[in-house]
Amino acid sequence: MDIKKVMVIGAGQMGSGIAQVCAMSGYNVVLHDLKQEFVDRGMGIINKNLSRQVEKEKMSEDNKNSILGRINPSTELNNAADADLVIEAAVENMEIKTKLFAQLDEIAPEHAILASNTSSLPITEIAAATKRPEKVIGMHFMNPVPVMKLVEIIRGLATANEVYTAIEDMSKSLNKVPVEVNDFPGFVSNRILMPMINEAVYTLYEGVASKEAIDEVMKLGMNHPMGPLTLADFIGLDTCLYIMETLHEGFGDDKYRPCPLLRKYVKAGWLGKKSGRGFYEYS
Ligand SMILES: CC(=O)CC(=O)SCCNC(=O)CCNC(=O)[C@H](O)C(C)(C)COP(=O)(O)OP(=O)(O)OC[C@H]1O[C@@H](n2cnc3c(N)ncnc32)[C@H](O)[C@@H]1OP(=O)(O)O
Ligand SMILES: NC(=O)C1=CN([C@@H]2O[C@H](COP(=O)(O)OP(=O)(O)OC[C@H]3O[C@@H](n4cnc5c(N)ncnc54)[C@H](OP(=O)(O)O)[C@@H]3O)[C@@H](O)[C@H]2O)C=CC1
């Protein structure tokens, strides 16, 4: 399968990062979101990341411009009509994702692979919204995408072997390390990471220690690059809550119950770094 043109759906923190690394590896990219202002925000993040590389003399201005030139903004889903691969990175919500995949199935060419960057939602269920479940796969990048090496590749029940191989090869072409996992709530990454973050929120909720102390313990004691509450803010508290809800519902086990404090913050619109306030405040 020859992948040349990639469409990325959702120009948020993940979608913009995915578009950036694809363009850096020579793919023609379409970066799509619902409104022009969201696409502009995504393009702004990419521009800032590349400009930082230029300032550090790790990239030439010409190279930056040609990477940016390979990314075409879009607010029309019909732009999927000539895509070889669509990578969906919209919000972590099954209803939104299944609706998008049903539409993309109608628009994208027959040979196109439809991938989701979902953090936790079942790929098999997303695939069932299409008439090409064998061409649907999970392609789970880590945040920040330009820095993190892992791509967790998730096989749905019907995913074809050649589709898996194409996505594995594509991930390698992005200088990432693919790891194969099966379709289970939270896959491997978030089944292990998110309960730790949720437990850190409980630790704060129960007054065991301050947020700074909790983060310091995990940073200095366990050598984590970020404390769990800082990391939750970085991921997005809405995304953390959605993932915990998927684990809770998917396994039917109360050990995955989301902490009420996490729920409260999300209800308040305190979504972390992206909204300016989460456990910490950001200017
Ligand atoms: C929720 C899910 O479904 C799955 C997930 O993604 S879970 C989240 C997974 N991610 C993590 O756990 C990240 C944990 N944190 C870290 O690894 C580090 O704190 C970090 C890589 C984010 C920053 O590292 P740091 O050493 O503190 O920062 P810093 O020295 O400023 O940056 C290191 C490099 O990363 C780059 N960088 C840092 N933040 C970046 C960002 N947000 N976007 C792009 N590049 C970034 C810097 O430009 C720098 O690049 P160079 O080496 O080319 O100069
Ligand atoms: N944050 C993280 O650390 C990671 C997240 N993920 C996953 O990646 C996906 C995106 O997360 P993230 O980038 O953090 O989220 P963001 O909130 O930063 O971005 C999501 C973007 O998708 C847009 N969007 C929502 N609905 C649609 C739609 N129907 N069509 C097109 N665009 C849409 C949003 O617009 P609007 O602002 O209007 O809602 C927003 O711009 C989620 O599935 C998440 O679980 C995976 C790995 C890590």
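Residues numbered from 1 in each chain as written. Chains lettered and ligands numbered in written order. Predicted model: local features only at pLDDT ≥ 70, side-chain atom pairs only at ≥ 80, totals over all residues. Heavy atoms only, no water.

Under an unreviewed UniProt entry, the chain has the name 3-hydroxybutyryl-CoA dehydrogenase and belongs to Peribacillus saganii. The record in UniProt for the chain states the following under Sequence similarities (unreviewed entry): "Belongs to the 3-hydroxyacyl-CoA dehydrogenase family." (UniProt positions renumbered as here; feature names shortened; annotations may be inferred.)

K.L.:
So, the site of ligand 2: which residues are in play, and what are the values?
P.N.:
Taken together, 25 residues form the shell around ligand 2, and within it D33, E92, K97, S119 and I235 come nearest. The backbone of Q13 places a nitrogen or oxygen atom 3.1 Å from an oxygen atom of ligand 2. The separation between an oxygen atom of ligand 2 and a polar side-chain atom of E92 is 2.6 Å. Its free accessible area being 890 Å², ligand 2 has 85% of it covered by the protein chains. It is helix 4 (residues 94–107) that contributes the most residues to the shell around ligand 2, three residues altogether. Of the residues in the shell around ligand 2, the class split is eleven nonpolar, nine polar and five charged. Each of domain 1 (5–182) and domain 2 (190–274) gives at least three residues to the shell around ligand 2. (Near = heavy atom within 4 Å. Polar contact = N/O pair within 3.5 Å; in protein donor to acceptor, adjacent residues only side chain to side chain. Areas by Shrake-Rupley, 256 points an atom, 1.4 Å probe, with all protein chains shown as cover. Helix = DSSP H or I, 4+ residues; strand = E, 2+ residues; numbered from the N terminus. Nonpolar A, V, L, I, M, F, W, Y, C, P; charged D, E, K, R; others polar. Domains from an automatic or database assignment.)

K.L.:
Please give an account of the UniProt feature "binding site: NAD(+)" (unreviewed entry) in the chain that cites residues and values.
P.N.:
The feature "binding site: NAD(+)" (unreviewed entry), as given by UniProt, occupies G10, A11, G12, Q13, M14, G15, D33, E92, K97, S119, N143 and K274 in the numbering adopted here. Among the structural elements, G10 can be located in the loop between strand 1 (5–9) and helix 1 (13–24). Looking at G10, the relative accessible area reads 7%, which means it is buried. If we skip the residues at most four places from it in the chain, G10 touches G15, S16, L31, H32, D33, A89 and A90. Position of S119 relative to the elements: it lies in the loop between strand 5 (113–116) and helix 5 (123–127). The exposure class assigned to S119 is buried, which follows from its relative accessible area of 12%. Setting aside anything within four residues of it in sequence, one finds S119 in contact with E92, H140, G186, F187, N190, T239 and I243. (Buried < 20%, exposed > 50% of the residue type's maximum accessible area, 1.4 Å probe, protein only. Contact = heavy atoms within 4.5 Å.)

K.L.:
Which residues make up the pattern of salt bridges, and what values go with them?
P.N.:
Across all of its chains, the model carries 13 salt bridges by this definition. For K97, the salt bridge identified is with E88, shortest N-O distance 2.5 Å. Here the two residues K97 and E88 agree in accessibility, since each one is buried. One continuous salt-bridge network, built from bridges that share partners, spans E88, E92 and K97. (Salt bridge = Lys/Arg side-chain N within 4 Å of Asp/Glu carboxyl O.)

K.L.:
Please provide a residue-by-residue account of the sheet that holds strand 3 (residues 71–74), values included.
P.N.:
Taken in spatial order, the eight strands make up an open sheet running 3-2-1-4-5-6-7-8, and their pairing is mixed. The open sheet is flanked by strand 3 and strand 8 (177–182), the only strands paired with a single partner. Mean inter-strand twist for the sheet, computed between neighbouring axes without regard to direction, equals 25 degrees. Here strand 2 (residues 28–32) pairs with strand 3 via four bridges, running parallel. Bridging from a neighbouring strand, H32 pairs with S74 of strand 3. Along the sheet face, helix 4 touches strand 1, strand 4 (85–88), strand 5 and strand 6 (136–141) and points at about 165 degrees away from the line of strand 5. (Pairing = 2+ DSSP bridges. Axes fitted to C-alpha atoms, helices over the stretch in contact; angles between N-to-C directions.)

K.L.:
Kindly report on unusual backbone geometry, identifying the contributing residues and their values.
P.N.:
At the junction of N143 and P144, the peptide bond is cis and its omega measures out at 0 degrees in the coordinates. Phi angles above zero are rare outside glycine, and N175 is one such case at about 65 degrees. Turning to its location among the elements, N175 is positioned in the loop between helix 6 (161–173) and strand 8. Exposure remark for N175: the relative accessible area of 54% places this residue in the exposed category. Unusually for a residue other than glycine, F187 sits at a positive phi of about 55 degrees. Checked against the element boundaries, F187 lands in the loop between strand 8 and helix 7 (189–205). Relative accessible area serves as the criterion here: at 3%, F187 is assigned to the buried category.

K.L.:
Describe in detail the pairing of strand 1, supporting the description with residues and values.
P.N.:
Counting buried positions along strand 1 yields four of five residues, so the element is predominantly enclosed. Across five bridges, strand 1 lies against strand 2 in parallel orientation. The residue bridging V8 from the neighbouring strand is L31, located in strand 2. Handedness of the strand 1-helix 1-strand 2 crossover: right-handed. (Right-handed = clockwise from strand over helix to strand, strands pointing away.)

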